[in-house]
Structures are given as structure tokens and as C-alpha cells.
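# Residue-level structure breakdown
Below, each chain spelled out in residue letters.
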Amino acid sequence: MSELCLPGDPEVRVRLRRSPRARRLSLRVSALDGRVTLTLPQRVPEREGRAFLAEKEDWIRSHLARQPDQIYIAPGQVLPLDGVETEIRPGIGRRVLWHPGRLEVPGPAPARRLERFLRELARDRLAAASDHYAARLGRRYQSLTLRDTRSRWGSCSSAGGLMYSWRLILAPPEVLRYVAAHEVAHLQEMNHSPAFWAVVTDLYGDYASARAWLRTDGNTLHRYRFEDAPAGERD
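Read on for a plain summary of the structure. These figures come from a predicted structure and were not determined experimentally.

### Here's the deal with the sheet that holds strand β11 (residues 154-156)
Pairing is mixed in the open sheet, where three strands are placed in the order β10-β12-β11. In the strand order of this sheet, the two ends are held by β10 (143-147) and β11, each with one partner. Taken over all neighbouring pairs, the strand axes of this sheet differ in orientation by 15 degrees on average, direction set aside. Examined bridge by bridge, β11 and strand β12 (residues 161-165) share three bridges and lie antiparallel to one another. Residue S155 lies in a different strand from β12, and its bridge partner there is M163. Relative to β10, helix α3 (residues 110-137) is tilted by about 145 degrees, and along the sheet it contacts β10 and β12. Helix-sheet contacts for helix α4 (residues 173-185) involve β11 and β12, and the interaxial angle to β12 is about 155 degrees.

Next comes the structure, spelled out in C-alpha cells:
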């Protein structure tokens, strides 16, 4: 997927998506992280897409103005880790060091290095939780993968493959464990029937507060961007 840029202050990055099924140009602004996507029919030239962006600039910027502020990861910024506000500081050596209330991130590209660290930590936590709940259920899962999903926090395939959003490491630990229990429960009940929720309750306990947290606060985890900020948003 390529990228276009809508000039201005700030400039807006627009993901360009080609679709053989699309019959017209369309724009989407993600409610999760404000990403703008322009979909073009397969044979529509890119110049028409650029003209369409210019025509819709006011619409795009009005939608972006209603989005939560995006936070581009850099030294001095704060992000939640295990749900706790944690400051990012420059580090030395090769490893990211996690101390209470701070992360020391070495190197010239701290955002990318920190993302790798968080993904590895998320994998460890989610694998441990999944192993725990699967053992209690008496079932095995076949695989565990991490993605940066926008529409769901986890899933379980009919073949027993578990998938999770790595951003769960930013949520409180009880929320991460709830999602793991939810997906492991699908190893027994591939639905959301009362029987399924009974399995979740048996594995996790009262899940109401964790589920409510995802509904009210989960979207905030997508504010954190592990990439260079657009020129208009740099200090």
C-alpha cells in the first residue's frame, strides 16, 4: 500500500489503496487512530486521486480535528505500560531498560526499538496467559500471533490459532488477561452464546470491568504512533 501526502500545516499522510472491486473513489478516516485511507478503483490514475484529496481537504481536516491527539513516540513522551504512565528516556547500550515509571531506550530510532520491545513483552505476557487458561480448559491452541489490529483485540480461528493485538501490553494487566481468557474460551465455544460467556467466567471470573475498559478506553491505545511525526507536528 503506497502513501500520498496532502500538503498543509500540518501535512496529512494518506494511505492509497487500490481495489479491483471499487467502483468510485472513497475516503475513510479511522475513528481509532485518525489514519486517512483513499481507495481508488484499479484503473483510476493517481492524479485523479490527488485531485479528489484536494477537493475533500476541508472534510478530511474537519474529521481529523475531532480525533484524539496522536502521540508520536520520542524521548520525553509518556505512554501507558501495563496501564501505568511511563516516561520514555534516552538510554545507553543495546537494550531497552524498564524501570518503575520510566523506559530507557537507546539508539537513533527509539520509537522503532521501543515498539519491538513492547511486542516481545506482549508476546511473553499473552503466551503465559493463554497457556494458563488453555491448561485450565484442558485444550490446546495451535499458534499465537501478534498484529496491530484496528477492529478487534483478539481472535481465535476454527483451527485453534490465537491472534492478539500487541497494544494490549499498554492496557492494565487484568484487561490483557481478560482478552486471553476470552479467546481461549473460543477453543471450546466458537460463538458468543451464554455457554461461551459461562466458560469465560469460569476461566477469568467477573469480566465486566475489563470488558467495559476496552469499550471506553481501548481506543486510546491507538493514539501512540511508533513512527516519525509529520513535519508539521515535530518540535
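### Looking at the sheet that holds strand β6 (residues 78-81)
Read from one edge of the open sheet, four strands run β6-β7-β9-β8, paired in mixed fashion. Strands at the two margins of the open sheet, each flanked by one partner only, are β6 and β8 (97-99). Strand-to-strand twist of the sheet, defined as the mean angle between neighbouring strand axes without regard to direction, takes the value 30 degrees. Examined bridge by bridge, strand β7 (residues 84-90) and strand β9 (residues 102-105) share four bridges and lie parallel to one another. Paired with E87 across the bridge in β9 is R102. Along the sheet face, α3 touches β6, β7, β8 and β9 and points at about 125 degrees away from the line of β9.

### Describing the nonpolar core
In this structure, L79, L114, L118, Y164, I169 and V184 are the most contacted members of the largest nonpolar core, which totals 51 residues. Looking at this core, the elements with two or more residues in it are β6, β9, α3, β10, β12, α4, α5 (194-204) and α6 (208-217). Per element, the largest residue contribution to this core is eleven residues, and it comes from α3. Contacts of I169, omitting those with residues within four sequence positions, involve L81, D82, L118, L121, A122, R125 and L176. Counting 15 residues, the second largest nonpolar core, distinct from the first, contains L27, V36, L40 and L53.

The rules behind each value
- Residues numbered from 1 in each chain as written.
- Predicted model: local features only at pLDDT ≥ 70, side-chain atom pairs only at ≥ 80, totals over all residues.
- Heavy atoms only, no water.
- Pairing = 2+ DSSP bridges.
- Helix = DSSP H or I, 4+ residues; strand = E, 2+ residues; numbered from the N terminus.
- Axes fitted to C-alpha atoms, helices over the stretch in contact; angles between N-to-C directions.
- Contact = heavy atoms within 4.5 Å.
- Core = buried A, V, L, I, M, F, W, Y, C linked by side-chain atoms within 4.5 Å.
- Buried < 20%, exposed > 50% of the residue type's maximum accessible area, 1.4 Å probe, protein only.

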